[in-house]
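Chains, contacts and geometry: an overview
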Amino acid sequence: MKQRPAPFRATGLLITLLPVAALAAEPALTANNCTPAGELRGDAGRGAALHLQYCAECHGVDGKGDAIVMHMDVPPKDQGDPVYMKTLPDEFLYLAVCKGGEAVGRNFIMPAWGDLLSDQDIKDLVAQIRTFSGT
């Protein structure tokens, strides 16, 4: 009887598998140098799947920032808090996703996704993030 290979395990690494759609579009960093333009809210439904894949590990499935993340001294802010979220323009959210937390004065732990996600992917994420607070 043939044995199945052991599953791949990585220690201390965050490995993200790209959705097929992300591979088809040009990354935002290449396409527009992470410069937000036009309508910045895309399809929240499509953004939900992207949020689960790229953001939920730290921000939580519902954006509350209550996920336990060992390498973070300060947890992310609650994206469901409408008072807080009203202080953040869509351009801020776009840049945070595209260039990472440090680029917008937040935690350096948040990675820059602009070299993987397309402009439309990031706009879809902005729309999804806004659903948490209704803003």
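Each value, and the rule that gives it
Residues numbered from 1 in each chain as written. Predicted model: local features only at pLDDT ≥ 70, side-chain atom pairs only at ≥ 80, totals over all residues. Heavy atoms only, no water. Helix = DSSP H or I, 4+ residues; strand = E, 2+ residues; numbered from the N terminus. Buried < 20%, exposed > 50% of the residue type's maximum accessible area, 1.4 Å probe, protein only. Areas by Shrake-Rupley, 256 points an atom, 1.4 Å probe, with all protein chains shown as cover. Axes fitted to C-alpha atoms, helices over the stretch in contact; angles between N-to-C directions. Parallel < 35°, antiparallel > 145°, perpendicular 65-115°, else oblique. Contact = heavy atoms within 4.5 Å. Phe/Tyr/Trp six-rings, centres within 6.5 Å; stacked < 30°, edge-to-face > 60°. Lys NZ or Arg CZ within 6 Å of the ring centre and 35° of its normal. Disulfide = S-S within 2.5 Å. Left-handed = near helix turned anticlockwise from the far one by under 90°. Nonpolar A, V, L, I, M, F, W, Y, C, P; charged D, E, K, R; others polar. Arc of directions from axis to C-beta. Polar contact = N/O pair within 3.5 Å; in protein donor to acceptor, adjacent residues only side chain to side chain. Core = buried A, V, L, I, M, F, W, Y, C linked by side-chain atoms within 4.5 Å.

To continue, consider the overall build of the chain. Across its full length, the chain holds 7 helices and 0 strands. The 135 residues of the chain split such that 37% are buried. Of the accessible surface of the chain, which amounts to about 8300 Å², a share of 59% is contributed by carbon and sulfur atoms.

This part is about the packing of helix α3 (residues 44–54) against helix α7 (residues 119–133). Two elements in contact, α3 and α7, have axes separated by 7 Å at closest approach and are oriented at 95°. As judged from the angle between their axes, α3 and α7 are roughly perpendicular. Taking contact as the criterion, the partners of A44, R46, G47, A48, L50 and H51 in α3 are, on α7, Q120, D121, D124, L125, A127, Q128, I129, T131 and F132.

Turning to the packing of aromatic side chains, a few remarks are in order. Taken as a whole, this structure holds 1 aromatic pair when the rule is applied. A cation over a ring is seen here: K77 above Y84, with NZ or CZ 5.6 Å from the ring centre.

In this structure the tally under the stated criterion is 1 disulfide. Bridging C34 to C98, the disulfide has an S-S length of 2.0 Å. The S-S bond linking C34 to C98 shows a torsion near -70°; that makes this disulfide left-handed. With a gap of 64 residues between them, C34 in the loop between α2 (28–32) and α3 and C98 in helix α6 (residues 90–99) connect regions that are remote in the sequence. Comparing C34 with C98, the two get one shared label, buried. We note that C55 lacks a disulfide partner, and the nearest cysteine sulfur, in C58, lies 9.0 Å from it.

Quick look at the packing of α6 against α7 now. Where α6 meets α7, the axes come as close as 9 Å, and the angle between the chain directions of the two elements is 125°. Between α6 and α7, the angle falls in the class oblique. For the crossing formed where α6 meets α7, the hand is right-handed. Seen from α6, the contacting residues are D90, L93, Y94, V97 and C98; seen from α7, they are D119, I122, K123, L125, V126, I129 and R130. Looking at the contact of α6 with α7, its residues break down into 8 nonpolar, no polar and 4 charged.

Turning our attention to α3. Restricting attention to buried positions, one finds in α3 the residues G47, L50, H51 and Y54. The buried residues of α3 occupy an angular sector of 105° when projected down its axis, which confines them to one face. The outward face of α3, more than 90 degrees from its buried face, is lined by the exposed residues G45 and L52. Where α3 starts, the residue carrying a side-chain oxygen 2.9 Å from the main-chain nitrogen of G45 turns out to be D43.

Residues L93, Y94, L117 and I122 are the most contacted members of the largest nonpolar core, which totals 22 residues. Counting only elements with at least two residues in this core, the list comes to α3, α5 (82–85), α6 and α7. Of the residues forming this core, the biggest block, 6 residues, is contributed by α6. Once residues within four sequence positions are removed from consideration, L117 is found in contact with P27, A28, L50, Y54, V97, I122 and L125.

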